[in-house]
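Residue-level listing of the chains:
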Amino acid sequence: MANVKNVAPGVGLCAAIAIPCWFLGEALPVVGGPVFAILIGMVIALWWKQPARGTVQDGIAFTAKKVLQYAVILLGFGLNLAQIAAVGAESLPIILTTIATALIVGYILYRVLSVDSAIATLIAVGSSICGGSAIAATAPVIRAKDEQVAQAISVIFLFNVVAALIFPTLGGMLGMSNEGFGLFAGTAVNDTSSVTAAAAAWDGMHPGSNALDDATIVKLTRTLAIIPITLALGIVMARKESADESASNAQAASEPSSTRRKDPLGNFSLKRAFPMFILFFLVASLITTIAVAAGADAAVFAPLKTLSKFFIVMAMAAIGLNTDLVKLVKSGAKPLLMGLICWICIAAASLGMQHLLNLW
């Protein structure tokens, strides 16, 4: 109970910031509540520094970490795996290609541009899977700092907005079909709100089109990639930490260099590597799938999906409060360039695969 009392003021503050940001996001979906929250949080942090926050900081830290994980778990209730398997199978080759492209390009740029490894990972994963949701799932696994999360979210947001604004016109210039644009929006735009905005704009330009439904299913299919990628990153992080721990212990014991780190995995444990909140995310998806198959109305799970989105807005407010805006702007050039190149490569890969498969 004492712990609840410690975190309650900070959690309440983040919720208070999240409420107006939620409505702003509803009014401007191309921007979205999470981006408003992180921006407002950063502005507040300019004049309200951490030392002056007292016990409120405990709740802010709790929201940035734990509430963010709860948001990912609840996100699973919006995924009907059976529907995704039935409708999303056609898009699978394109989805896998765009994800692989983003991860490969992201790794190359990380090496070439010397971008911070956590920021590079978050941008690559956010670009390849589903923007803010993927960053929310990945950040705890790789132990990303709040400023690194803010940097990645800012980069992803910028190119989400650009994509939502120009992709409908670009698709028309390229002579894409309604189905083709649905695939393009679902695979080449990152965040759900921007996918929806781009596809809805296309439908408005092409009466009778059903691109919005197609793009949404493709986007949900991409979301499932959160599971294998976070698991892989969890294993990599656990191996690295175990190896570092073994080296540190060996050095502390003044062992000869020839005997240090005989086991390159150190005390590696798969249980330790496994992000448990991702397991709960999968369980939530299975619950939804089984319930709908048994005849339940999918709308029953809508409040949990909405709560997930609100928790993400709260977590972004907390992350904004923990971020130095001045430092973020000064260090933003390389991550921005990385995001631009990833974005262009993903769009090119999506169009290229559609052309190769005779879908466009």
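Basis of the calculations
- Residue numbers run consecutively from 1 along every chain, following the written order of its sequence.
- Thresholds applied to this predicted model are a pLDDT of at least 70 for local features of residues and 80 or more for the giving and counting of side-chain atom pairs; totals over whole chains, interfaces and linings are not thresholded and use all residues.
- Computation of side-chain values covers all heavy atoms of the structure but excludes hydrogens and water.
- Elements are defined by DSSP. Helices are runs of H or I of four residues or more, strands are runs of E of two residues or more, and each kind is numbered from the N terminus.
- As a reference, a globule follows 2.2 Å times the number of residues to the power 0.38, and the radius of gyration itself is taken over C-alpha atoms.
- Here, two residues are considered to be in contact whenever any of their heavy atoms come within 4.5 Å of each other.
- Accessibility throughout is a Shrake-Rupley quantity obtained with a 1.4 Å probe, and a residue counts as covered only by protein chains that appear here.
- Patch membership is restricted to residues that have no salt bridge and whose relative accessible area is over 30%. Joining uses 9 Å for like charges and 5 Å for the nonpolar side chains Val, Leu, Ile, Met, Phe, Trp and Tyr.
- What makes a salt bridge here is a side-chain nitrogen of Lys or Arg within 4 Å of a carboxyl oxygen of Asp or Glu, nothing more.
- Remark: exposure states derive from per-residue accessible area (1.4 Å probe, protein chains only) relative to the maximum for the residue type, with buried under 20%, exposed over 50%, and partly exposed in between.
- To estimate how far a helix should extend, the number of its residues minus one is multiplied by 1.5 Å.
- What pLDDT expresses is the predictor's confidence in each residue, scored from 0 to 100.
- What we call a nonpolar core is a set of buried Ala, Val, Leu, Ile, Met, Phe, Trp, Tyr and Cys residues that are connected through their side-chain atoms within 4.5 Å.
- Pairs were defined over the aromatic rings of Phe, Tyr and Trp, the Trp ring being its six-membered one, requiring ring centres within 6.5 Å. Orientation was assigned from the angle between planes: stacked under 30 degrees, edge-to-face over 60, tilted for the rest.
- Lines fitted to C-alpha atoms define the axes here, with helix axes fitted over just the stretch in contact, and angles between the N-to-C directions of these axes take values from 0 to 180 degrees.
- Each angle gets one of four labels, with under 35 degrees taken as roughly parallel, over 145 as roughly antiparallel, 65 to 115 as roughly perpendicular, and the rest as oblique.
- Take the far helix as the reference: if the near one is turned anticlockwise from it by less than a right angle, the crossing is left-handed, and if turned clockwise, right-handed.
- Under the grouping applied here, Gly and all other residues not named as nonpolar or charged are polar, the nonpolar ones being Ala, Val, Leu, Ile, Met, Phe, Trp, Tyr, Cys and Pro and the charged ones Asp, Glu, Lys and Arg.

### Some points on the overall build of the protein chain
- Looking only at helices and strands, the protein chain features 17 helices and zero strands.
- Computed over the C-alpha atoms, the radius of gyration of the protein chain is 21 Å, within 12% of the 21 Å expected from 2.2 N^0.38 for a compact globule of 360 residues.
- Principal-axis analysis of the C-alpha atoms gives the protein chain an extent of 70 × 50 × 50 Å.
- Across the protein chain, contacts joining residues at least 24 apart in sequence account for 82% of those joining residues at least 6 apart.
- Approximately 16200 Å² of the protein chain is accessible, and the part contributed by carbon and sulfur atoms is 68%.

### Points about a nonpolar patch on the surface
- Taken together, the side chains of M276, L279, F280, V283 and I287 define a hydrophobic patch exposed on the protein surface, amounting to about 400 Å² of accessible area.
- Turning to its location among the elements, V283 is positioned in helix 14 (residues 276–293).
- Assessed through its relative accessible area of 37%, V283 is described here as partly exposed.

### A few points about helix 14
- Here helix 14 contains 18 residues, and its C-alpha end-to-end distance of 26 Å stays within 8% of the 26 Å for a straight helix at 1.5 Å per residue.
- Residues of helix 14 that are buried: F277, I278, F281, A284, S285, T288, T289 and A291.
- In the stretch just after helix 14, G295 is the one whose phi turns positive, near 110°.

### A look at the environment of I17
- Note that I17 resides in helix 1 (residues 2–27).
- Overall, I17 belongs to the buried group, its relative accessible area being 9%.
- Each C-alpha atom of the pair I17 and K309 lies 14 Å from the other, and the pair is 292 residues apart in sequence.
- For I17, the residues in contact, after removing those within four places along its chain, are I40, I44, A317 and L321.

### Notes on the side chain of T187
- Checked against the element boundaries, T187 lands in helix 9 (residues 178–188).
- Overall, the relative accessible area of 0% leaves T187 in the buried class.
- With near-sequence residues (within four places) excluded, T187 lies in contact with I94, I95, T98, V218, R222, I346 and S350.

### As for the confidence of the model for the protein chain
- Here the protein chain shows a mean pLDDT of 84. Residues at 70 or above account for 90%.
- Within the protein chain, the element-level pLDDT minimum falls on helix 13 (residues 270–273), averaging 53, and the maximum on helix 5 (residues 92–113), averaging 93.

### Observations concerning the nonpolar core
- One finds F167, F181, M316 and M338 to be the most contacted residues of the largest nonpolar core, which totals 106 residues.
- Looking at this core element by element, the count peaks at eleven residues for helix 15 (residues 302–321).
- Discounting chain neighbours no more than four positions away, the residues touching M316 are P34, A37, I38, L68 and I153.

### Concerning the packing of aromatic side chains
- Here the structure, examined in full by the defined rule, presents nine aromatic pairs.
- For the ring pair F77 and F301, a centre distance of 5.9 Å and an interplane angle of 10° mean the geometry is stacked. With F77 in the loop between helix 3 (56–75) and helix 4 (81–87) and F301 in the loop between helix 14 and helix 15, this residue pair connects regions lying 224 residues apart in the sequence. The same class applies to F77 as to F301, namely buried.
- On the numbers, 6.1 Å between centres and 65° between planes, the contact of F181 with F184 is edge-to-face. Taken as a pair, F181 and F184 lie in helix 9 at a separation of three residues, close to a single helical turn.

### Some details on the packing of helix 7 (residues 132–141) against helix 8 (residues 146–173)
- It is the contact of helix 7 with helix 8, at a shortest axis distance of 10 Å, that shows an interaxial angle of 165°. Compared by their axis directions, helix 7 and helix 8 come out roughly antiparallel. Read as a crossing pair, helix 7 and helix 8 show a hand that is right-handed. Here G132, I135 and A139 of helix 7 lie close against helix 8, whose contacting residues are V149, A152, I153 and I156.
- Residues that form the contact of helix 7 with helix 8 fall into these classes: six nonpolar, one polar and no charged.

### Points about the pattern of salt bridges
- Scanning all chains against the criterion turns up one salt bridge.
- Note that D146 and K65 form a salt bridge whose closest N and O atoms lie 3.6 Å from each other. On the criterion of sequence distance, the pair formed by D146 in helix 8 and K65 in helix 3 is long-range, its members being 81 residues apart.
- In this structure D146 comes out as buried when scored by relative accessible area, which is 11%.
- Taking the relative accessible area as the measure of exposure, K65 reaches 38% and is therefore partly exposed.

### A word on the packing of helix 8 against helix 10 (residues 192–205)
- Put simply, helix 8 and helix 10 touch, their axes get as near as 9 Å, and they point 30° apart. By the angle between their directions, the pair helix 8 and helix 10 is classed as roughly parallel. When the axes of helix 8 and helix 10 are compared, the crossing they make is right-handed. Contact residues: helix 8 offers N160, V161, A164, P168, T169, G171 and G172, while helix 10 offers S194, A197, A198, A201, W202 and M205.

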